[in-house]
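Structure assessment
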Amino acid sequence: MHDVIIIGAGMTGAAAAWAAAKRGRSALVLEAGRLHHRRGSSHGTSRIFRTVNESAKYSRMVHRSQGLWREVEQESGTSILRMRGALDFGPTRNVDSLYAAARRSGTDCELLTAEAAQERWPSFRFPTAVIHHREAGTIDPQAAIRAMLDIAIDNGAELRTSTPVLALREEANGVLVETPSGTFRGRTAVIAAGPWLPELFAATFPDVPPPMVTVNEQNVFHFRQRDPEEQWPVFVYKGGLQLFALPSGADGGSEPAIKIGRHNPGKVVTPDRRDGVPTAENREIITRFVEEHVPGLEPTPVGGDACLYTITRNDDFILDRIGSIVVASPCSGQGAKFMPVVGEIIAGLAFENAPADPDFSIPTHAQQPITAAR
Ligand SMILES: Cc1cc2nc3c(=O)[nH]c(=O)nc-3n(C[C@H](O)[C@H](O)[C@H](O)COP(=O)(O)OP(=O)(O)OC[C@H]3O[C@@H](n4cnc5c(N)ncnc54)[C@H](O)[C@@H]3O)c2cc1C
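Procedures and definitions
- Residues numbered from 1 in each chain as written.
- Predicted model: local features only at pLDDT ≥ 70, side-chain atom pairs only at ≥ 80, totals over all residues.
- Heavy atoms only, no water.
- Helix = DSSP H or I, 4+ residues; strand = E, 2+ residues; numbered from the N terminus.
- Rg over C-alpha atoms; globule rule 2.2 N^0.38 Å.
- Buried < 20%, exposed > 50% of the residue type's maximum accessible area, 1.4 Å probe, protein only.
- Contact = heavy atoms within 4.5 Å.
- Areas by Shrake-Rupley, 256 points an atom, 1.4 Å probe, with all protein chains shown as cover.
- Lys, Arg positive; Asp, Glu negative; His and termini not counted.
- Charge placed at Lys NZ, Arg CZ, Asp CG, Glu CD.
- Pairing = 2+ DSSP bridges.
- Axes fitted to C-alpha atoms, helices over the stretch in contact; angles between N-to-C directions.
- 1 Å grid on protein atoms, 1.4 Å probe; cavity = no way out; pocket = protein on both sides within 12 Å on 5 of 7 lines; lining within 4 Å.
- Points joined across faces, edges and corners; volume = space filled by probe spheres on them.
- Nonpolar A, V, L, I, M, F, W, Y, C, P; charged D, E, K, R; others polar.
- Polar contact = N/O pair within 3.5 Å; in protein donor to acceptor, adjacent residues only side chain to side chain.
- Salt bridge = Lys/Arg side-chain N within 4 Å of Asp/Glu carboxyl O.

On to the overall build of the chain. The helix and strand tally for the chain stands at eight helices and 20 strands. At 20 Å, the chain has a C-alpha radius of gyration in line with the 21 Å of a compact globule built from 374 residues. Counting across all 374 residues of the chain, residues that qualify as buried make up 57%. Residue pairs in contact within the chain that sit at least 24 positions apart in sequence constitute 73% of those at least 6 positions apart. As presented, the chain carries roughly 15,200 Å² of accessible surface, and 48% of it is formed by carbon and sulfur atoms. Seen as two clouds, the 39 positive and the 43 negative side-chain charges of the chain have centres 1 Å apart.

The three strands lie next to each other as β3-β8-β4, forming an open sheet whose pairing is antiparallel. Both outer strands of the open sheet, β3 (47-50) and β4 (81-83), are each paired with one neighbouring strand and no more. With strand direction ignored, the average angle separating the axes of adjacent strands in the sheet is 30°. Where β3 meets strand β8 (residues 136-139), four bridges bridge the pair, whose relative direction is antiparallel. In the sheet register, Phe-49 faces β8, and the bridge partner there is Gly-137.

Attention now goes to the layout of surface pockets. Counted as a void, the second largest pocket has a volume near 190 Å³. Lining the second largest pocket are 17 residues, with Arg-84, Pro-247, Ser-248, Gly-249 and Ala-257 positioned closest to its centre. Partitioning the lining of the second largest pocket into residue classes produces four nonpolar, nine polar and four charged.

Judged by which residues are buried, strand β7 (residues 130-133) turns out to be covered on both faces: Val-130 and His-132 on one side and Ile-131 and His-133 on the other are all buried. Alignment of strand β5 (residues 86-89) against β7, held across three bridges, turns out to be antiparallel. Within the sheet, the bridge partner assigned to Leu-87 lies in β7 and is His-132. Here strand β6 (residues 109-112) runs beside β7; their pairing, made up of four bridges, is antiparallel. The partner of Leu-111 across the bridge, within β7, is Ile-131.

A few words on the environment of Glu-158. Relative to the helices and strands, Glu-158 is located in strand β9 (residues 158-160). Residue Glu-158 is classed as partly exposed on the basis of its relative accessible area, which comes to 30%. A C-alpha to C-alpha distance of 22 Å links Glu-158 and Arg-38, two positions 120 residues apart in sequence. Apart from residues no more than four positions distant in its own chain, Glu-158 is found in contact with His-2, Ala-27, Leu-28 and Val-29. A distance of 2.9 Å separates polar atoms of two side chains, one belonging to Glu-158 and the other to Arg-160.

A word on the pattern of salt bridges. Applying the stated criterion across every chain yields a total of 23 salt bridges. Arg-38 serves as the salt-bridge partner of Asp-305, at 2.9 Å between the closest nitrogen and oxygen. Of this pair, Asp-305 sits in strand β18 (residues 303-311) while Arg-38 is found in the loop between β2 (27-30) and β3, placing the two residues 267 residues apart along the sequence. In this structure Asp-305 comes out as buried when scored by relative accessible area, which is 19%.

Here it is as structure tokens:
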């Protein structure tokens, strides 16, 4: 019998396996697809890492994550975090309150007028004041998953890809998991199924109200840097539009590019029923933004992609337990940066009977309805 059976080998499942290994617990990771497949939320080589957060709680979590990412890098000999700095701007970005929150949490940052920022980053045209923070950059999700799983496997974990979990249920002494290639038993289980959470949850807990989440398709586009040598920061813009941008890494092709994504609520889909093609409308909106505000980029995208956000009310994570089964979805387009801490919280719930944090409880219809994404 395994100490824990983890369902899903995206970033959450990998972080859970890594945290189990750190505690000397045996883990079996079951992944429906191939490792690093592109149909969920964790594919590719770039996500934003930033310690700035208006919530004191998430800010503490991300500061702790930063140290743990460095541990994972050291133990695995892999490069995961690349610090580039970050800029926040835009008419509704509330730079003053974000700056105050960043200072309170000890984040190394400065508030610049549009003119001062313009002088330092001539590749932009800033419409407002700008926050610059240094403890920010990119995370490579593919490298992170590989590194965390390798550490787990070196410590006795087992990974089975192309092994979809068909059914999961509690038994007297733990959990029973059914797959096409056999039945497995564990003391506990972790559902880390990303956008497939609603369907696996409904099949596992037919008598529990389903978690109130929506799955949205988000579009990103890659724009070539005019100067391939320029070191770009990541940036977040909020006006009528909400955009995030970061160096594309390998996702943008062989020449350096910047990936820009739209954070506004996207098309509501299910993971198995969507076309996965970025829309012409988003392409045009983001291209117009580049023309207006980012003259350091060629304004014709050289590539685009669509991936899945799982969104809760208020963008909070789901890290909860029902009986012996942990339900984990660090979602809403911001989970990647927190993953080592998420792994620790999952391990606390699975092995140490830690109480679930009410902020991360499974959202139900009895609670507030989902609001628009950040
Ligand atoms: C476009 C986009 C941009 C983002 N940008 C950022 C960012 O800049 N910064 C940041 O911090 N975060 C960001 N995120 C969020 C972050 O990427 C996600 O929080 C994270 O990848 C979620 O990982 P996951 O493991 O929970 O889900 P997934 O990666 O989707 O993994 C779930 C896995 O479970 C498997 N699975 C499902 N059902 C079963 C089953 N029945 N049996 C076996 N396996 C199953 C799936 O095949 C899948 O591999 C972004 C997300 C997206 C989509």
